[in-house]
Amino acid sequence: MSPSVAEQLLQRLERTPPGPEGGLCSLEAAAALGLDHQTLVGAVKSLQALGEVIEAETRATTRWELSAEGEEVLRDGSPEVRLFHSVPSEGLPQSDAMVSTVMGGCGGGLREHRASHTALTALPFTPQKLPGAQVGFSKAMANKWLRLDKGAPGGPRIFRAVSTVQDVVQNSLRQVQEGNGDSLSERERTDLKRRKLLLEVTLKSYWIRKGSAFSTAVVRQETDLTPEMIATGSWRKLPFKAYNFSALGLPPTCGHLHPLLKVRSQLRQIFLEMGFTEMPTDNFVESSFWNFDALFQPQQHPARDQHDTFFLQDPAEAPELPAGYMARVKKVHSQGGYGSQGYKYEWKVEEARKNLLRTHTTSASARALYHLARQGKFTPVKYFSIDRVFRNESLDATHLAEFHQVEGVVADRGLTLGHLMGILQQFFTKLGISKLRFKPAYNPYTEPSMEIFSYHEGLKKWVEVGNSGVFRPELLLPMGLPESVSVIAWGLSLERPTMIKYGINNIRELVGHRVNLQMVYDNPLCRLDS
């Protein structure tokens, strides 16, 4: 079996004399062994990992190489010389000189250039200057190889000012190509670099010497202490690889928070900072009574249609409802009360018992306020909830059949619309939204009601960000809350601010089977601006 690259290197290193002067250059060793330098560097690094087998000192050398333009000049001549040779004795229009520099090669001759130019001018095509055209003209003029007659008939015209020229640039590049680049003066190299004909390349290599534990045999070091080694005692004679206590370990495998959960966590923190208490929202399946009737939403309301709401077949009905409270709700719907004339229709308990997937978390707010009323002595409260709701929507880039609703509720004596606007300003300011407008709206269970708009700096327009209002007495008084108590509430979606913050344009890429899990892994915690 042929020796490995590391073994070939060790065998060659063995023949070098001892002492600090003895050793090998990795570039020379790679050339002698017929290997790519990077392959040899890999062998050096593997030998270094074995301990003191070798010593490797990093060295850096610079050398000069021709750029792609430099290769072209070496082959065809510099632009200034090519331009000089293209000018005939009768001179050449300055504009044609630029075309000649572009079109011609070394020795192309004026007739060939002119023929090419004449053929091209017959076509709907304008010759373009190459980067070297202007430089060639400038250099030829600076060297006084050409003279420009601005008063010539037909426009500025150039003529040869000398009989012959020498291509110094091409000769300098030839010296570099032959390995004699150091013979050029610093000024010459600087000029060639400025013209992007010459590149200074830094080459890294190693000076390799024998180490204190040098050996031509590559002995693999053990990395794990196994039970067999301990049982047989073989570990005493085996070489072990030293631990690198500075190396970073592999990151532990762990879960990743979805962008919705990250934004939900911050919204929750804002509510807690404002003194709110989180409501229980574990009822995904809700009865029509708590989802609609308790909120003074009539049974013939379009939202109760199957086109808008998901109704359940099993179990189709709720087993029990609070009898006394249900009777008061029935009365305010069918007959009126508490200063309201109601809706004047035949309220049916069968309709109220129908089970559905809740269409809003306001049903959880109704339950929380009902339990508050049953406590006897009223105490002011601030509730919030963030959870999933379901609606029979047509799916598109901005709508899903299930989404999250963020809701805040405040119950206290003497609350007005001004209190609602003030707390909304405080809440949205913490979200980083300071420019707010309010527009009158209609909700079955709030009066007055307001839509909340914010100015979107990116879209340069006002966009709706939420809905709000003051709960109607027809909702609160049947629960048993005192007449002096008012309840203000507002709600917004969780998906919209998340999509804005993470730059997601299609909601189906945020929730559902089209979510790219790599997006979940890669996205950092996205904090809302405040």
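Residues numbered from 1 in each chain as written. Predicted model: local features only at pLDDT ≥ 70, side-chain atom pairs only at ≥ 80, totals over all residues. Heavy atoms only, no water.

> For this particular structure, what's the right way to read the sheet that holds strand 5 (residues 157-160)?
Two modes of strand pairing occur in sheets, parallel and antiparallel, and in both the strands are linked by backbone hydrogen bonds. An order of 3-5-4 is seen for the three strands of this open sheet, with the pairing classed as antiparallel. Strands with a single pairing partner mark the edges of an open sheet, and in this sheet they are strand 3 (92-93) and strand 4 (146-149). Relative to strand 5, strand 4 is paired through four bridges, and the arrangement is antiparallel. Counterpart to Asp149 in the pairing with strand 5 is Arg157. Together, strand 3, strand 4 and strand 5 form the strand contacts of helix 5 (residues 79-86), whose direction differs from that of strand 5 by roughly 95 degrees. (Pairing = 2+ DSSP bridges. Helix = DSSP H or I, 4+ residues; strand = E, 2+ residues; numbered from the N terminus. Contact = heavy atoms within 4.5 Å. Axes fitted to C-alpha atoms, helices over the stretch in contact; angles between N-to-C directions.)

> Looking at this structure, I do not really get the pattern of salt bridges. What am I missing?
A side chain of one charge can pair with a side chain of the opposite charge if their charged atoms are brought near each other. Within this structure, the stated rule accounts for 18 salt bridges. For the salt bridge of Arg209 with Glu55, the shortest nitrogen-to-oxygen distance reads 3.7 Å. Note that Arg209 is positioned in strand 6 (residues 198-210) and Glu55 in strand 2 (residues 54-66), a separation of 154 residues in sequence. Across the pair Glu402 and Arg388 runs a salt bridge, and its minimum N-O distance is 3.0 Å. Taken as a pair, Glu402 in strand 11 (residues 402-413) and Arg388 in strand 10 (residues 381-390) lie far apart in primary sequence, 14 residues in all. The structure contains a network of salt bridges with shared partners spanning Glu55, Glu57 and Arg209. (Salt bridge = Lys/Arg side-chain N within 4 Å of Asp/Glu carboxyl O.)

> Whenever I open this one, the packing of aromatic side chains confuses me. Can you help?
Centre-to-centre distance and the angle between the planes together describe a pair of aromatic rings. Using the criterion set out here, one finds 17 aromatic pairs in the structure. Measuring from centroid to centroid gives 4.7 Å for Phe271 and Phe384, while their planes differ by 10 degrees, and the two rings are stacked. In this pair, Phe271 is assigned in helix 12 (residues 259-273) and Phe384 in strand 10, connecting sequence segments 113 residues apart. You can call Phe384 buried: its relative accessible area is 0%. Note on Tyr445 and Phe471: the rings are 6.2 Å apart at their centroids and 65 degrees apart in plane angle, and the pair reads as edge-to-face. Linking Tyr445 in the loop between strand 12 (436-443) and strand 13 (446-456) with Phe471 in strand 14 (residues 461-471), this pair joins segments that are 26 residues apart in sequence. (Phe/Tyr/Trp six-rings, centres within 6.5 Å; stacked < 30°, edge-to-face > 60°. Buried < 20%, exposed > 50% of the residue type's maximum accessible area, 1.4 Å probe, protein only.)

> Would you mind showing me how to read the packing of helix 12 against helix 19 (residues 495-502) here?
Helices that pack against each other are described as a pair by the angle of their axes relative to one another and the distance between those axes. Here helix 12 crosses helix 19 at 110 degrees, and the two axes come no closer than 10 Å. Between helix 12 and helix 19, the crossing angle belongs to the class labelled roughly perpendicular. You can see that helix 12 and helix 19 cross each other, and the crossing is right-handed. Residues Pro259, Leu260, Lys262 and Val263 of helix 12 form the contact with helix 19, whose participating residues are Glu495, Thr498 and Tyr502. (Parallel < 35°, antiparallel > 145°, perpendicular 65-115°, else oblique. Left-handed = near helix turned anticlockwise from the far one by under 90°.)

> It is not clear to me how the confidence of the model for the protein should be interpreted in this structure. Could you clarify?
Low pLDDT marks regions whose predicted coordinates should not be analysed in detail. Here the protein shows a mean pLDDT of 82. Residues at 70 or above account for 89%. This stretch, residues 100-131, has a pLDDT under 50; its non-local contacts, to residues over four places away or in other chains, come to 38 contacts. (pLDDT = per-residue confidence, 0-100.)

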